[in-house]
Amino acid sequence: MDDTDPEADGDEHRGDHVADASAGRTQRISKNQILTLISMASVNFSAMICYSILGPFFPNEIVQIGAKFMMISGLFVSGGCTILFGLLDKVPGTTNFIVLCFIIRSIDAIGFAAAMTSSFAIIANIFPNNIATVMGSLEIFTGLGLVLGPPMGGFLYQSFGYKIPFVTLGCLLLLMVPFNMLVLPSVGMYFT
């Protein structure tokens, strides 16, 4: 490698950083790393703001479809797509795999959006005087899911392979379908 090559210097710097970290020495965070963290934090922050403000704005629109139907069908679609995603390792060819990943995850997003939007509408109608408190409280479970998902998925992947994390979590979502069919009251009780 040529010592004047900028990419080589970057690779050597990354290698030194890893060596320093493995030796137990701490190294200051570079300006580039700080800017990257700020960038990623702003993306996550703004995405979650956009996601979480939807609830109060859609109750009237969901009346047309039915909140309970929308939630249950969204859970069903999302659960089915999650299971299908676990079967994608059988797809021959990298291009086919990537295309199917995008298609299945896009359909999954539609199902998830239907379930989440209807849940926001249900909450807004069941708790009209406490929307902020209830939504904030339920965000605890969103955080728990985001925190527990990676270690649970990693454990299942290391223990059982690619398919099992997706099949397990997809089945969990599918179990939420009959649970919510039984637990949620009929739509007429929400929207009067």
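Structural data are supplied above this passage.
Let us look at the structure shown here. (Residues numbered from 1 in each chain as written. Predicted model: local features only at pLDDT ≥ 70, side-chain atom pairs only at ≥ 80, totals over all residues. Heavy atoms only, no water.)

**Section: the overall build of the protein**
Looking only at helices and strands, the protein has 7 helices and 0 strands in total. For the protein, the N- to C-terminal ordering of α and β elements is α-α-α-α-α-α-α. Out of the 192 residues belonging to the protein, those deemed buried represent 24%. In the protein, 73% of the contacts between residues at least 6 apart in sequence involve partners at least 24 apart. Accessible area of the protein: about 13,100 Å², with a carbon and sulfur share of 70%. (Helix = DSSP H or I, 4+ residues; strand = E, 2+ residues; numbered from the N terminus. Buried < 20%, exposed > 50% of the residue type's maximum accessible area, 1.4 Å probe, protein only. Contact = heavy atoms within 4.5 Å. Areas by Shrake-Rupley, 256 points an atom, 1.4 Å probe, with all protein chains shown as cover.)

**Section: the pattern of salt bridges**
Taken as a whole, this structure holds 2 salt bridges when the rule is applied. Residue aspartate 89 is joined to lysine 90 by a salt bridge in which the shortest nitrogen-to-oxygen separation is 3.9 Å. Judged by relative accessible area, which is 36%, aspartate 89 ranks as partly exposed. For the salt bridge of arginine 105 with aspartate 108, the shortest nitrogen-to-oxygen distance reads 2.9 Å. A residue pair is termed a helical-turn pair when its members lie 3 or 4 positions apart in one helix, as arginine 105 and aspartate 108 do in helix 5 (residues 94-126) at 3 residues. (Salt bridge = Lys/Arg side-chain N within 4 Å of Asp/Glu carboxyl O.)

**Examining the packing of aromatic side chains**
Geometrically, a pair of aromatic rings is defined through the distance of the ring centres and the angle of the planes. Under the definition given, this model contains 2 aromatic pairs. Between the aromatic rings of tyrosine 162 and phenylalanine 166, the centroid separation amounts to 5.2 Å while the plane-to-plane angle is 50 degrees, which identifies the pairing as tilted. Within the aromatic cluster, the residues linked to one another by ring pairs are Phe85, Tyr162 and Phe166. Seen from the ring of phenylalanine 85, arginine 105 lies directly overhead, with NZ or CZ sitting 4.8 Å from the centre. (Phe/Tyr/Trp six-rings, centres within 6.5 Å; stacked < 30°, edge-to-face > 60°. Lys NZ or Arg CZ within 6 Å of the ring centre and 35° of its normal.)

**Brief notes about the packing of helix 5 against helix 6 (residues 131-160)**
One can describe the packing of helix 5 onto helix 6 by two numbers: an axis separation of 9 Å at closest approach and a directional angle of 140 degrees. The angle between helix 5 and helix 6 places the two elements in the oblique class. Once helix 5 is placed against helix 6, the crossing between them reads as right-handed. Contacts between helix 5 and helix 6 involve Phe120, Ile123 and Ala124 from the former and Ile131, Val134, Met135 and Leu138 from the latter. (Axes fitted to C-alpha atoms, helices over the stretch in contact; angles between N-to-C directions. Parallel < 35°, antiparallel > 145°, perpendicular 65-115°, else oblique. Left-handed = near helix turned anticlockwise from the far one by under 90°.)

**Considering the side chain of threonine 82**
Secondary-structure assignment places threonine 82 in helix 4 (residues 67-86). Take threonine 82: its relative accessible area is 8%, and that puts it in the buried class. Non-local contacts of threonine 82, meaning those with residues more than four positions away in its chain, are made with Arg105, Asp108, Phe166, Leu169, Gly170 and Leu173.

**Regarding the nonpolar core**
Ranked by size, the top nonpolar core spans 8 residues in total: Ala67, Met71, Ile72, Leu75, Ala115, Ile122, Val177 and Leu184. Contributing elements (two or more residues each) for this core: helix 4 and helix 5. Ranked by residues supplied to this core, first place goes to helix 4 with 4 residues. Among all residues touching leucine 75, those that are not within four sequence positions of it are Gly111, Ala115, Leu173, Leu174, Met176, Val177 and Asn180. (Core = buried A, V, L, I, M, F, W, Y, C linked by side-chain atoms within 4.5 Å.)

**Looking at the packing of helix 4 against helix 5**
Pairs of packed helices are described in terms of their axes, by the angle between the two and the distance that separates them. For the pair helix 4 and helix 5, interaxial distance at closest approach is 7 Å and the crossing angle is 150 degrees. Comparing their axes, helix 5 and helix 4 come out roughly antiparallel. Note that helix 4 runs across helix 5; the crossing there is left-handed. On the side of helix 4, the interface is formed by Ala67, Met70, Met71, Gly74, Leu75, Val77, Ser78, Cys81, Thr82, Leu84 and Phe85, while helix 5 contributes Cys101, Ile104, Arg105, Ile107, Asp108, Gly111, Phe112, Ala114, Ala115, Ser118, Ser119 and Ile122. A class-by-class count of the residues in the contact of helix 4 with helix 5 yields 15 nonpolar, 6 polar and 2 charged. (Nonpolar A, V, L, I, M, F, W, Y, C, P; charged D, E, K, R; others polar.)

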